[in-house]
Amino acid sequence: MPTVLVTGSSRGIGLEFARRYAALGWDVLATCRTPSAAADLQQLALQNTKVKVLALDVVSETSIAALVQALNGAAIDLLINNAGIGGAGIELGAMDLPRWRTLFETNVLGPAKLTDALLPNVLAGSLRKVVSVSSTLGSIARSTGGNYAYRSSKAALNMTMRSMALDLIKQGVISVLMSPGIVDTDFTRGGRMPKIPVQDSVSGMMGVIDALKSEHAGQFLRYSGETVEW
Ligand SMILES: NC(=O)c1ccc[n+]([C@@H]2O[C@H](COP(=O)([O-])OP(=O)(O)OC[C@H]3O[C@@H](n4cnc5c(N)ncnc54)[C@H](OP(=O)(O)O)[C@@H]3O)[C@@H](O)[C@H]2O)c1
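Each chain has its residues counted from 1, following the order in which its sequence is written. In view of the model being predicted, local features appear only for residues whose pLDDT reaches at least 70, and side-chain atom pairs are presented and counted only at 80 or more, with totals across whole chains, interfaces and linings using the full set of residues.

Asker: Which parts of the structure should I look at to understand the site of the ligand?
Answerer: Being near a molecule or strand means, for a residue, that its C-beta atom, positioned from the backbone, comes within 6 Å of it. Around the ligand, the structure places 28 residues, and the nearest of them are Gly-8, Gly-12, Ala-83, Gly-84 and Phe-187. No other element matches helix α1 (residues 12-23), which puts 3 residues into the shell around the ligand. Helix and strand definitions follow DSSP, with helices as H or I runs of at least four residues and strands as E runs of at least two, each counted in order from the N terminus.

What follows is the structure in structure tokens.
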């Protein structure tokens, strides 16, 4: 069975990816910042021996290097760059630059560095797929104002991973950006907008991921399969 590595799998979309690929019989490398605090993920790993919990803080180069070492060249068929944070409260009159920098480190530099560091593992896999979870809030064309920090981080993620995808396809790796929709997780807690259940978002994304072909490399795709304008 294939192997998937998921970042930020302690909760929300990442945890659901881990659950669902494990249910399909995949080997799941479920990474999270603090394994001892990831109760739901630990429970999943107890119930399913296909799930291996590994520590990874995507903003730490030391943590990324330790993960690479722990994997010891193991093949990864599908890498899902899911970990991410929001930027609520950074706005006109409240330019919290340290928080904005952390947002960029988490949402842009982390996935870029991790994808580069795990490229030998992805090349050793059979499927050779990389998915980075972005957001329609990162679409410049669709901006309605506000949320500068989060929007700019996802727009930068889009540019970084699209450009990397155009290089990676030459090595047979299909890399895409995905929008999960507005999903009912801790991330959107308190927001009054309509949300979809995490199961629906992840089901949709898994269908799209399953159907990825080389012509999709570098695209920005919704969980329902349509392309999102940049
Ligand atoms: N929910 C939505 O509506 C929505 C919409 C568009 C895009 N997204 C994107 O989808 C992704 C997942 O969101 P979610 O809704 O599942 O959010 P969530 O429930 O808040 O979960 C975020 C996950 O990211 C992890 N994380 C944060 N910083 C990290 C770091 N430095 N290193 C490793 N892991 C880290 C968190 O770990 P801890 O438990 O350690 O904090 C947690 O597992 C994010 O990239 C988000 O931007 C979500």
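After that view, the rundown keeps rolling.
Asker: I keep staring at unusual backbone geometry and nothing clicks. Help me out?
Answerer: Excluding glycine, most residues fall at negative phi; most peptide bonds, likewise, are trans. A positive phi angle, near 55 degrees, is found at Arg-128, a position not held by glycine. Residue classification places Arg-128 among the buried residues on the basis of 22 C-beta atoms within 10 Å. We note that Asn-147 has phi near 55 degrees; this positive angle belongs to a residue other than glycine. Within the secondary structure, Asn-147 is located in the loop between β5 (129-133) and α6 (148-168). Here exposure depends only on C-beta density: within 10 Å of a residue's C-beta, 20 or more other C-beta atoms make it buried, 12 or fewer make it exposed, and intermediate numbers make it partly exposed, the C-beta atoms being placed from the backbone. For Asn-147, a count of 20 C-beta atoms within 10 Å translates into the label buried.

Asker: I keep staring at the sheet that holds strand β7 (residues 220-222) and nothing clicks. Help me out?
Answerer: Whenever strands of a sheet pair, they do so through backbone hydrogen bonds, lying parallel or antiparallel. Two strands pair if DSSP finds at least two bridges between them. Here we have 7 strands laid out as an open sheet, ordered β3-β2-β1-β4-β5-β6-β7, and parallel in their pairing. Edge positions in the open sheet fall to β3 (51-55) and β7, since each of these has one partner strand only. Within the sheet, the average angular offset between the axes of one strand and its neighbour, ignoring direction, is 25 degrees. Pairing of strand β6 (residues 174-179) with β7, which is carried by 3 bridges, proceeds in the parallel orientation. Following the sheet pairing, Met-178 is matched in β7 by Leu-221. With C-beta atoms placed from the backbone, a contact is any residue pair whose C-beta atoms sit within 7 Å. To obtain each axis, a line is fitted to C-alpha atoms, and for helices this fit is confined to the stretch in contact; angles are then taken between N-to-C directions over 0 to 180 degrees. Of the strands in this sheet, β2 (27-32) and β3 touch helix α2 (residues 39-47), which is tilted by about 145 degrees from β3. The strands that helix α4 (residues 97-117) touches are β4 (78-81) and β5; relative to β4, the one it contacts most, it runs at about 165 degrees.

Asker: Looking at this model, I keep getting lost on the packing of helix α3 (residues 61-71) against α4. Mind explaining?
Answerer: When two helices pack together, their arrangement is given by the angle between their axes and by how far apart the axes lie. Axis separation between α3 and α4 bottoms out at 10 Å; the angle between their running directions is 25 degrees. What the angle tells us is that α3 and α4 run roughly parallel. Between α3 and α4 lies a crossing of right-handed hand. For the pair α3 and α4, the contacting residues are Glu-61, Ile-64 and Val-68 in the first and Lys-113, Leu-114 and Ala-117 in the second. Any residue that is not Ala, Val, Leu, Ile, Met, Phe, Trp, Tyr, Cys, Pro, Asp, Glu, Lys or Arg is counted as polar, Gly included; the first ten are nonpolar and the last four charged. Split by residue class, the contact of α3 with α4 holds 4 nonpolar, no polar and 2 charged. Throughout this description, any angle smaller than 35 degrees is read as roughly parallel, any larger than 145 degrees as roughly antiparallel, any in the 65 to 115 degree range as roughly perpendicular, and the remainder as oblique. Throughout, a crossing is termed right-handed when the near helix is turned clockwise from the far one, and left-handed when it is turned anticlockwise from it by less than a right angle.

Asker: Mind showing me how you'd approach the nonpolar core here?
Answerer: Across soluble globular proteins, nonpolar side chains show a tendency to be buried alongside one another. In plain words, the nonpolar core is the set of buried Ala, Val, Leu, Ile, Met, Phe, Trp, Tyr and Cys residues that C-beta atoms within 7 Å link up. In this structure, Ala-18, Val-28, Ala-30 and Met-178 are the most contacted members of the largest nonpolar core, which totals 53 residues. The element best represented in this core is α1, accounting for 6 residues. With residues up to four places along the chain from it excluded, the contact list for Met-178 reads Val-131, Val-133, Ser-134, Met-205, Val-208, Leu-221 and Tyr-223.

Asker: Is there a simple way to explain the environment of Leu-5 in this structure?
Answerer: Of note, Leu-5 is situated in strand β1 (residues 3-6). Judged by the 29 C-beta atoms lying within 10 Å of it, Leu-5 falls in the buried class. On a C-alpha basis, the gap between Leu-5 and Ile-182 in space is 23 Å, while along the polypeptide they are 177 residues apart.

Asker: Honestly, the pairing of β5 in this entry has me stumped. Any pointers?
Answerer: Within a regular beta strand, the side chains point alternately toward one face of the sheet and then the other, so they alternate between its two faces. When you tally the buried positions in β5, you get 5 out of 5 residues, the bulk of the element. Side chains Lys-129, Val-131 and Val-133 of β5 all project onto a buried face; the interleaved residues Val-130 and Ser-132 project onto the opposite face, where all are buried too. Of the pairings in the sheet, the one linking β4 to β5 comprises 4 bridges and is parallel in character. Its bridge partner lying in β5, Ile-80 is registered against Val-131. Where β5 lies against β6, 5 bridges are found, and the strand directions are parallel. Residue pairing in the sheet places Lys-129 in a bridge with Ile-174 of β6.

Asker: What is the right way to read the pairing of β4 from this model?
Answerer: Taking every second residue as pointing to the same face, both faces of β4 are buried, with Leu-78 and Ile-80 on one and Leu-79 and Asn-81 on the other. Sheet analysis places β1 next to β4, joined by 3 bridges and oriented parallel. The partner of Val-4 across the bridge, within β4, is Leu-78.

Asker: I'm lost on α6 in this one. Help?
Answerer: Residue pairs spaced three or four apart in an α-helix point in one direction, given the helix's 3.6 residues per turn. Its 21 residues give α6 an end-to-end C-alpha distance of 29 Å, which sits within 8% of 30 Å, the value for a rise of 1.5 Å per residue. Buried within α6 we find Ala-149, Tyr-150, Arg-151, Ser-152, Ser-153, Lys-154, Leu-157, Asn-158, Met-161, Met-164, Ala-165 and Leu-168. Buried-residue contacts for α6 involve α4, β5, β6 and β7. Expected helix span is given by 1.5 Å per residue-to-residue step, counting one fewer step than there are residues.

None of the figures reported here should be taken as evidence of function without further support.
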